[in-house]
Amino acid sequence: MTSFMNTKTKTSLALFLNETTSLSHKASRHVQSDEETSHHWSVLSHREPGFHFYIHGSWSIPEVVLERQPEIDERSMRMRKESQNGSTGHSVDSQIRDKQQQPVKAAVLQKEVGLLSGVCLIVGTMIGSGIFISPKAVLLYSGAVGPCLLIWAACGVLSTLGALCYAELGTMITKSGGEYPYLMEAFGSLVAYLYSWTTVMVLKPSSFAIITLSFAEYASAPFYPGCSPPLVVTKSLSAAAITLIVTVNCLSVKLASFMQNFFTGAKLVIIVIIAGAGIVLLAQGNTETFSNAFDGTSASVGAIGLAFYNGLWAYDGWNQLNFITEELKDPFRNLPLAILIGIPLVSVCYVLVNVAYFTVMTTTELLLSPAVAVTFGDRVLYPLSWIIPLFVVFSTFGSANGSCFTAGRLAYAAAREGHMVKILSYISLKRYTPLPALVFNGIVAILYIIPADINTLINYFSFAQWAFYGLTALALIVMRFTRKELHRPVKVPIVLAGLMVLVSCYLVLAPIIDKPDLEYLYCTIFIFSGLLLYYPFVHWKVSWAHNLMRPITMYLQLLMEVVPPEDERAEETTR
């Protein structure tokens, strides 16, 4: 007799439940026989009023598919009951008719992000705590006020040009996940997998952790005057912030977008206050720092390059909208428009804030200040200088929310293509959010909080981020020749993509040449260690891994009430 593991069988179980039954779990047994063997398979089914539950099982990972149950039987039953009671049943009929006329949303991520929310996502993620705390690296390497301000403006222009390349890619391939779908389309599965492996496991969650740690430090500082807050306090507050932000993002896309819009507005308010104060001081004649703006300019090409390096990192985040392309309303219009509004707005803010700093501080004072915006507030806004730390808290919290919002979409997109565990590609049936991916990102971020210092880790991994930016710009050039048939609502000059590749190459090599530490080698080894998982689990798809993940996927699916996206189920059905 042939082993049942070699028999291709599929089982289907349909469970119905009327509206009077409460939420429950039930173990059901389905028996299926064929010519050669018979076997039993116990499945755990989840019952929910008004839904049809299909548990499709095979000797691969099962999935629970939920569809809304037709209400014709319920309607007939109610009409019969009303007629027996002598009632006209008009009220019941009208209620049922109204309920049936309500559109049923597909089990996919919904298009709920408009132009304003898109702009706020870009601006809110780009502007973190750096411009308020330590905008001095550009001044340190440029050597003078004049070239410092020019480099801030030039970095804004370069970021806008790079983001326009992403606008072409995002309107050509309207999939969420940032660089992931573009690398997949241009270079294939392997490069896209290495990107998702590095970003999902290190770059996104560790960045999330660092931003919340900055939030925790400034939120707890007023309670510990004259000293630094205890480490356990900042780490606990950081973990609480991560939990809160993940919860909000799991509950509702609209709520997360509202929170992002609010905190972006808050940080723009404090920027307007600082910039406005600077303009007033300039009008009053505080221009001593600008009198010899180019004296002391660095003549070293390497130093100027490092100034650009630090400036461009301050603008990092201009690609955030590409992570949520599938949830963007009218992406062909709103994606490029949000980029053209958001990034120039950030550029103007950065230049004006730096001008304001120079009106009250000399270059030496600015370089020695531990928190530049706080020093500015003490000199200009006293006795209201306390608003600076408060708005820094708002700024970091908003940046953390934007980071969480986009990170979940990358894990979701990678899992949908089979590059992560399948459960990460499922979405909440009730909330229409990538709940498993968001929870996973939050858990990993909390784990990154535990070590004493992860800033060093991020600094060494930063070169990898620019390597992927360069590969993405190269993908645009490659697809101009290999995918000519793709529709391109936005088409940028190919020279911009070439410039982006050159800038990315420099930003990858500059820190390594300036300080060639072994840590860069360790980071590179980690990136390529993903191949140890890629070939057995993604390329070869070993059977024992599927057998192991089958019950785990099912139980997690039922626990979180999540389902595969409908487009994915349609693809499985056609195979």
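Cut-offs and rules
Residues numbered from 1 in each chain as written. Predicted model: local features only at pLDDT ≥ 70, side-chain atom pairs only at ≥ 80, totals over all residues. Heavy atoms only, no water. Helix = DSSP H or I, 4+ residues; strand = E, 2+ residues; numbered from the N terminus. Buried < 20%, exposed > 50% of the residue type's maximum accessible area, 1.4 Å probe, protein only. Contact = heavy atoms within 4.5 Å. pLDDT = per-residue confidence, 0-100. Salt bridge = Lys/Arg side-chain N within 4 Å of Asp/Glu carboxyl O. Expected span 1.5 Å × (residues − 1). Phe/Tyr/Trp six-rings, centres within 6.5 Å; stacked < 30°, edge-to-face > 60°. Axes fitted to C-alpha atoms, helices over the stretch in contact; angles between N-to-C directions. Parallel < 35°, antiparallel > 145°, perpendicular 65-115°, else oblique. Left-handed = near helix turned anticlockwise from the far one by under 90°. Patch = residues over 30% accessible without salt bridge, like charges linked within 9 Å, V, L, I, M, F, W, Y side chains within 5 Å. Areas by Shrake-Rupley, 256 points an atom, 1.4 Å probe, with all protein chains shown as cover. Core = buried A, V, L, I, M, F, W, Y, C linked by side-chain atoms within 4.5 Å. Polar contact = N/O pair within 3.5 Å; in protein donor to acceptor, adjacent residues only side chain to side chain. Disulfide = S-S within 2.5 Å.

Asks: I'd like a rundown of the overall build of the protein, residues and numbers included.
Replies: Check the secondary structure of the protein and you find 22 helices and 7 strands. In the protein, buried positions account for 52% of the 575 residues. Look at the contacts in the protein between residues 6 or more apart in sequence, and 78% of them connect residues 24 or more apart.

Asks: Describe the confidence of the model for the protein, with residues and values.
Replies: The share of residues in the protein with pLDDT of 70 or more is 79%, and the mean pLDDT across the chain is 81. A low-confidence stretch, residues 65-76 (pLDDT under 50), is modelled with 30 contacts involving residues beyond four sequence positions or located in other chains. Low pLDDT, under 50, characterises residues 79-89; the stretch is placed with 4 contacts to residues that sit more than four places away or in other chains.

Asks: So what's going on with unusual backbone geometry? Residues and values would help.
Replies: With an omega dihedral of 10 degrees, the bond running from Tyr382 to Pro383 counts as a cis peptide bond. Looking at the element boundaries, Pro383 is found in the loop between α14 (372-380) and α15 (387-416).

Asks: I'd like a description of the pattern of salt bridges, backed by residues and values.
Replies: Within this structure, the stated rule accounts for 8 salt bridges. Residue Arg488 is joined to Glu168 by a salt bridge in which the shortest nitrogen-to-oxygen separation is 3.4 Å. On the criterion of sequence distance, the pair formed by Arg488 in the loop between α17 (455-482) and α18 (494-514) and Glu168 in helix α6 (residues 145-172) is long-range, its members being 320 residues apart. Of the residues examined, Glu168 reaches a relative accessible area of 0% and is grouped as buried. Ionic pairing is found between Arg483 and Glu185, a salt bridge with its closest N-O pair at 1.9 Å. Of the two residues, Arg483 sits in the loop between α17 and α18 while Glu185 sits in helix α7 (residues 179-187), which places them 298 residues apart along the sequence. We classify Arg483 as partly exposed; its relative accessible area is 23%. Among the residues examined, Glu185 registers a relative accessible area of 33% and is labelled partly exposed.

Asks: Can you tell me about helix α9 (residues 231-251), naming the residues and giving the values?
Replies: Over its 21 residues, α9 runs 30 Å from end to end, which matches the ideal 30 Å to within 8%, given 1.5 Å per residue. Looking at α9, one finds that the buried residues are Thr234, Lys235, Ser238, Ala239, Ala241, Ile242, Ile245, Val246, Val248, Asn249 and Cys250. Where α9 is buried, its residues meet α8 (189-220), α10 (253-283), α15 and α16 (435-449).

Asks: Describe the packing of aromatic side chains, naming the residues involved and giving the relevant values.
Replies: Summed over the entire model, instances satisfying the criterion amount to 22 aromatic pairs. Measuring from centroid to centroid gives 5.3 Å for Trp197 and Phe526, while their planes differ by 25 degrees, and the two rings are stacked. Note that Trp197 is positioned in helix α8 and Phe526 in helix α19 (residues 518-529), a separation of 329 residues in sequence. Judged by its relative accessible area of 27%, Phe526 falls in the partly exposed class.

Asks: Could you give an account of the environment of Ala415, naming the residues involved and the relevant values?
Replies: Counting through the fold element by element, Ala415 comes out in helix α15. Along the chain, Ala415 and Ala437 lie 22 residues apart, while their C-alpha atoms are 8.8 Å from each other. Ignoring any residue separated from it by four or fewer positions in sequence, one finds Ala415 in contact with Met420, Val421, Lys422, Leu424 and Ser425.

Asks: Give me the packing of helix α3 (residues 115-126) against α15: which residues, what numbers.
Replies: Where α3 meets α15, the closest approach of the two axes is 8 Å, and the angle between their N-to-C directions is 120 degrees. Compared by their axis directions, α3 and α15 come out oblique. Crossing of α3 against α15: the hand is left-handed. For the pair α3 and α15, the contacting residues are Leu121, Gly124 and Thr125 in the first and Gly398, Ser399, Gly402, Phe405 and Thr406 in the second.

Asks: Any details on a nonpolar patch on the surface? Residues and values, ideally.
Replies: A contiguous nonpolar surface patch, about 660 Å² in accessible area, is contributed by Leu533, Phe537, Trp544, Leu548, Ile552, Leu556 and Leu559. If you list the elements that add at least two residues to the nonpolar patch, you get α20 (531-539) and α21 (543-560). Sort the elements by how many residues they give to the nonpolar patch and α21 lands first, with 5 residues. Counting through the fold element by element, Leu556 comes out in helix α21. In this structure Leu556 comes out as partly exposed when scored by relative accessible area, which is 30%.

Asks: Can you break down the nonpolar core residue by residue, with the values?
Replies: Core analysis: the largest hydrophobic core is formed by 144 residues, its most contacted members being Phe132, Ile274, Trp318 and Tyr357. Considering every element that reaches this core, the biggest residue donor is α15, with 15 residues. Residues contacting Trp318, with those up to four places away along its chain left out, are Ile122, Met126, Ser159, Gly162, Ala163, Tyr166, Ile343, Trp466, Tyr469 and Met500. Judged by nonpolar contacts, the second largest core, of 5 residues, contains Tyr193, Leu194, Trp197 and Val538.

Asks: Explain the side chain of Asn441 to me, using residue names and the numbers behind them.
Replies: Summarising the element assignment, Asn441 is placed in helix α16. Each residue touching Asn441, except ones within four places of it in the same chain, is listed here: Lys204, Pro205, Phe208, Cys404 and Ala407.

Asks: Quick one: what's the story with the side chain of Glu168, residue by residue and with numbers?
Replies: Of the polar contacts made by the side chain of Glu168, one reaches the side chain of Arg480; its length is 2.8 Å. Other than its neighbours up to four places away in sequence, Glu168 contacts Leu476, Arg480, Arg488, Val490, Lys491 and Val492.

Asks: I'd like to hear about α10, residue by residue, with values.
Replies: With 31 residues, α10 should cover 45 Å at 1.5 Å per step; its first-to-last C-alpha distance of 44 Å lies within 8% of that length. You can read the cap of α10 off the contacts: a side-chain oxygen lies 3.2 Å from the backbone nitrogen of Lys254, and it is on Ser252. One or two residues past the end of α10 sits Gly285, with phi positive at roughly 100 degrees.

Asks: Residue-level account of the state of the cysteines, with values.
Replies: Summed over the entire model, instances satisfying the criterion amount to 0 disulfides. Lacking any disulfide linkage, Cys404 is separated from the closest cysteine sulfur, that of Cys250, by 7.2 Å. Cys404 sits in the buried class, given a relative accessible area of 0%.

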